[in-house]
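# Survey of secondary and tertiary structure
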Amino acid sequence: MWPREIMASKALTQFLRFSRVSSSGKALLTSLADSHSLKVGIIGGGRLGKQLARALVTVGQAPCSSVRISTRRPESLSHLQKLGLNCFYDNAQLAAWADVLFLCCLPSHTPSICSVVRPAIRKPCIVYSLITAVPLPRLKQLLCYNAIVRPQYQCPGKEPTKEWGTKGAVTEALQDLAVVQATCPLNSQVKIKVNGKWLVGIFYAALNSSMWQSLPHQEALALLNDLCFPEHCHICAEQKASCPQFTCESFVSKSFASSMTPEETFPWFDLTAAQLRESPFSQLLEKSESVQNHLALLYQASFGDWPVKQHVLTSTKTSPTLAITEPGMMLVQDSSLSTAASNVFSGIPEETTDYVSKSS
């Protein structure tokens, strides 16, 4: 399963670029090679950790100074050290340094590692767990932290996918559009897929990053819309007005959205709750095939510049065709959403502190 996990991990680092802001408050929509790069820490130097590091550096073009690995046997990573990566054994130091901290350790080592890194983790660090045997609630308990992302997989019992058969190393697989499409969490046609709640967690993680940098929520929405629904959209092939647009109610309840002032930031969201429960965004994502196709295209683009004619996405509904968005569609809160789903984040901040703990 590790090739798919690495693909999802790389997509996270690419997506979070949108919220890296300069001192003037403008977003830096740049590659990982930019001087404002995310600092990526990897705990675990086994096969998964090594492949992830190599993919981020060689395919993601992350500068070696922005990727570090902590492992009990750093001498075994000489090939990565020759590339310029800093490999050592100090999990707490790595956790204190990283913007995104990947857990690539064995399940049996998880409790001891969490006890070491727990005091060192600081907001807005995102903990990305690739330990499939340890569920989110347990990780939250071990780390006493809620900004955790963990991909969950759905296997319908069909024959395993064969896309990986002749691709060799993960870095080679990342160059194949068919492989990239097969890993997309919005592709319903694949044999093994990442649960869509992974994408929900990624979006709320990006909003957490914007909040921590004191970016007003309207500016954060504008950045997300520019990233997800670009002006020259291959899907719509028309004016930008025909593309969907995120609104405040796409991510928080209507009552909370109405109480926000223009300069107010989004709250700090509990990423574990966002992946385990329904939320305004998960409901909107489930209902809008147009948005699914736009985000699938964004996912593909994060792995390379593919020819326009190859930008054909697999429908999440029935056929492997590209659905064209409805003109003028807006991502506002649908009145048909269930009250329970739309109120998941409604207690911000009075009723619960699980979903937001904004710094005072």
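Our subject is the structure listed above.
Keep in mind that this is a model prediction, so the values were computed, not measured.

## Here's the deal with the sheet that holds strand S3 (residues 86-88)
The strand order S3-S2-S1-S4-S5-S6 describes an open sheet built from six strands, whose pairing is parallel. Strands at the two margins of the open sheet, each flanked by one partner only, are S3 and strand S6 (148-149). Note: strand S1 (residues 40-43) against strand S4 (residues 100-103), four bridges, orientation parallel. Within S4, the position partnered with isoleucine 42 by the bridge is phenylalanine 102.

## Some thoughts on the pairing of strand S5 (residues 126-129)
Alternating positions in S5 separate into two faces, Ile126 and Tyr128 on one and Val127 and Ser129 on the other, with burial throughout. In this sheet, S5 lies alongside S4 in parallel orientation, the contact comprising four bridges. Paired with valine 100 across the bridge in S5 is isoleucine 126. Taken together, S4, helix H5 (residues 110-117) and S5 form a β-α-β motif whose crossover is right-handed.

## With respect to unusual backbone geometry
Working note: non-glycine residues mostly have negative phi, and peptide bonds are mostly trans. In the segment running from lysine 123 into proline 124, the intervening peptide bond is cis, with an omega of 5 degrees. Its location among the elements puts proline 124 in the loop between H5 and S5. Look at serine 214: it is not a glycine, yet its phi comes out positive at around 60 degrees. In this fold, serine 214 is placed in the loop between helix H9 (197-212) and helix H10 (217-228).

Reading guide: rules and limits
Per chain, residues are indexed from 1 in the order of the written sequence. Totals for whole chains, interfaces and linings use every residue, but because this is a predicted model, local features are given only for residues with pLDDT of at least 70 and side-chain atom pairs only at 80 or more, for both listing and counting. No hydrogens and no water enter the side-chain calculation; it runs on all heavy atoms of the structure. Two strands are counted as paired when DSSP detects at least two bridges linking them. A run of DSSP states H or I qualifies as a helix once it reaches four residues; a run of E qualifies as a strand once it reaches two. Both are numbered from the N-terminal end. Partly exposed describes any residue whose relative accessible area lies between the buried limit of under 20% and the exposed limit of over 50%, with all areas from a 1.4 Å probe on protein chains only and scaled to the type maximum. By convention a crossover is right-handed if, when the strands point away from the viewer, the path from the first strand over the helix to the second runs clockwise.

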